[in-house]
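# Commentary on secondary and tertiary structure
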Amino acid sequence: MRIVVTGGSGRLGRTLVTGLADAGHEIVSIDREPTVGLDRLGITQFSLDLTDADATASTLAGTKADALIHLAAIAVPFSAPEDVILRTNGALAQSVLGGAVRAGIHRVVAASSPTVIGYGAPRGWTPERLPLDEDSPTEPWNAYALSKLLIEQTVDMLRRQTGDDVRFASFRPCYVIAPEEWAGAPTQQGHTVLERLDDPALSAPALFNYVDARDVAGFADTLLAALDDIPNGEVFFVGADDALARRPLSELLPRFHPGTEHAASALTGSAPAFSSAKAARLLGWRPTRSWRTELASSTASATASATASVS
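Starting from 1, residues in each chain are numbered consecutively following that chain's sequence as written. In keeping with the predicted nature of the model, local features appear solely for residues at pLDDT of at least 70, side-chain atom pairs appear and are counted solely at 80 or more, and the whole-chain, interface and lining totals rest on all residues. Side-chain measures were taken over the full set of non-hydrogen atoms in the model, leaving aside hydrogen atoms and water.

### As for the sheet that holds strand β6 (residues 167–173)
Reading across the sheet, the seven strands line up as β3-β2-β1-β4-β5-β6-β9 and stay open at both edges, with parallel pairing between neighbours. Lying at the two open borders of the sheet, with one neighbouring strand each, are β3 (43–47) and β9 (234–238). Mean inter-strand twist for the sheet, computed between neighbouring axes without regard to direction, equals 20 degrees. Strand direction decides the pairing type here: strand β4 (residues 67–70) and strand β5 (residues 107–111), joined by four bridges, are parallel. Note on pairing: DSSP must find at least two bridges between two strands before they are called paired. Secondary structure elements follow DSSP: runs of H or I of four or more residues count as helices, runs of E of two or more count as strands, with numbering from the N terminus. Between N-to-C directions, angles cover 0 to 180 degrees, with each direction set by a line fitted to C-alpha atoms, over the stretch in contact for helices.

### Here's the deal with the nonpolar core
Residues grouped as a nonpolar core are buried Ala, Val, Leu, Ile, Met, Phe, Trp, Tyr and Cys residues, joined through side-chain atoms within 4.5 Å. Buried residues are those whose accessible area, probed at 1.4 Å on protein chains only, stays under 20% of the maximum for their type, while exposed residues exceed 50% and partly exposed ones sit between those limits. Among the nonpolar cores identified, the biggest contains 55 residues, and V5, I69, F171, F219, L223, L249 and L283 are the most heavily contacted of them. Counting 22 residues, the second-largest nonpolar core is a separate cluster that includes V4, L60, A110 and L158.

### Topic: unusual backbone geometry
With an omega of 5 degrees, the peptide bond between L130 and P131 qualifies as cis. By the secondary structure assignment, P131 is in the loop between β5 and α4 (143–162). A positive phi angle, near 65 degrees, is found at F78, a position not held by glycine. Summarising the element assignment, F78 is placed in the loop between β4 and α3 (82–102). For F208, which is not glycine, the phi dihedral falls at a positive 65 degrees. Mapped onto the elements of the fold, F208 is located in the loop between α7 (200–203) and β8 (211–212).

### Description of the layout of surface pockets
Both site types are read off a 1 Å grid over the protein atoms alone. A 1.4 Å probe that fits but cannot get out defines a cavity, while an open set with protein on both sides within 12 Å along at least five of seven lines defines a pocket; lining residues have an atom within 4 Å of a point. Grid points are joined across faces, edges and corners, and a volume is the space filled by probe spheres set on the points. The computed volume of the largest pocket comes to approximately 1,200 Å³. Elements with a contribution of two residues or more to the lining of the largest pocket: α1 (11–22), α3 and α4. The biggest single contributor to the lining of the largest pocket is α1, with three residues. Tallied by class, residues from the lining of the largest pocket come to 24 nonpolar, 13 polar and six charged. Size it by volume and the second largest pocket reaches roughly 150 Å³. Around the second largest pocket sit I117, W125, T126, P127, E128, R129, L132, D135, S136, P137 and E139, which together line it. Each residue belonging to the lining of the second largest pocket can be placed in one class, and the counts come to five nonpolar, two polar and four charged. Residues are grouped as follows: Ala, Val, Leu, Ile, Met, Phe, Trp, Tyr, Cys and Pro are nonpolar; Asp, Glu, Lys and Arg are charged; all remaining types, including Gly, are polar.

Structural measurements only, silent on function.
Below, the structure written as C-alpha cells:
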C-alpha cells in the first residue's frame, strides 16, 4: 500500500514508518520537521502544519494514498498547559482524520492511548476487573487522556458519516519503547528501561504497561491488511504480553494504586494489566518482544562489541 503516517518523525513514528517500509509499503511521512533517520528508499517526507485543515486535506489528496495512520499529537501528559493539549490534539484529529476522508483515503487508523481508562486519577481509581481491555470503561481525568478519547470519538463520528465507504480503526499503544532504548537510551519519561525495572515507582503510574515500537509497526501492518474483513471502527489495545516489572502485579499494583487489591489478584506471574487478546482474536496479531529477551539481547550485543574492540 501507499501509506501516509502523520507524526512520522516522533518516537513511535520513526519505528513504525521504517517497519512498514521494510514490509514493502510506500510511505509518506508528514510532520512539522523531517528527520534524517527516515531518509531512505521507499519513504517520502513532507513538512506541514497539520492543524491547517485545508492544507492538510490538499496535501493528503496529493499523496493518492491507500491508507493513513494518524500519530501526530502532543504525546506526553502535562507536557504543555491542559488547554493547549486538548485544543492541539483535538484540532489535529479533526484536521487529519477529516482531511483523509475529504482526500478519498479509504483506510484510516488513529492512535489513541491507554490513558483513556483513567488510571491514576487523583481521587482514586478502582477497576472492576483486571486485566483491562476494550470493554473497560473510559474515565479520562486529564486533558491528554480526554484528547485521546476525543480522537476515538472523531473516528466514530466520521464512520457514522461515511458508513463502510471508509474503513476505520483506533488503537491504544502501551508505553512505547523504541529499539535504542533497550540499549540504554532514555525512555519517554527520561529514565532507562533498567531504571524503570529497578524502581517500580517509575512504571507504576502507567500500570507497568509497555510495548516495543517494532511490535506496534507489525500490528499496524496486520491491521491495515485486515480492515476490510473486521467490523468497522474497532478499537484495540496494543501491548506486550507481560508487565514491565520483576514482581507480579498482584503484589505491585495495590502498593501504588490503593483499591486495586481485589482486581489485581488475577494478575499473577508476569501477567500485564492490559490485554491485547482482541487483536489476537480479530487480527491474529501477538507481540513478539519482551523486556526479558530484548534487554538480554542488548547486553549480549554490547558485550560482543566490547570484545571485538579489544581484539
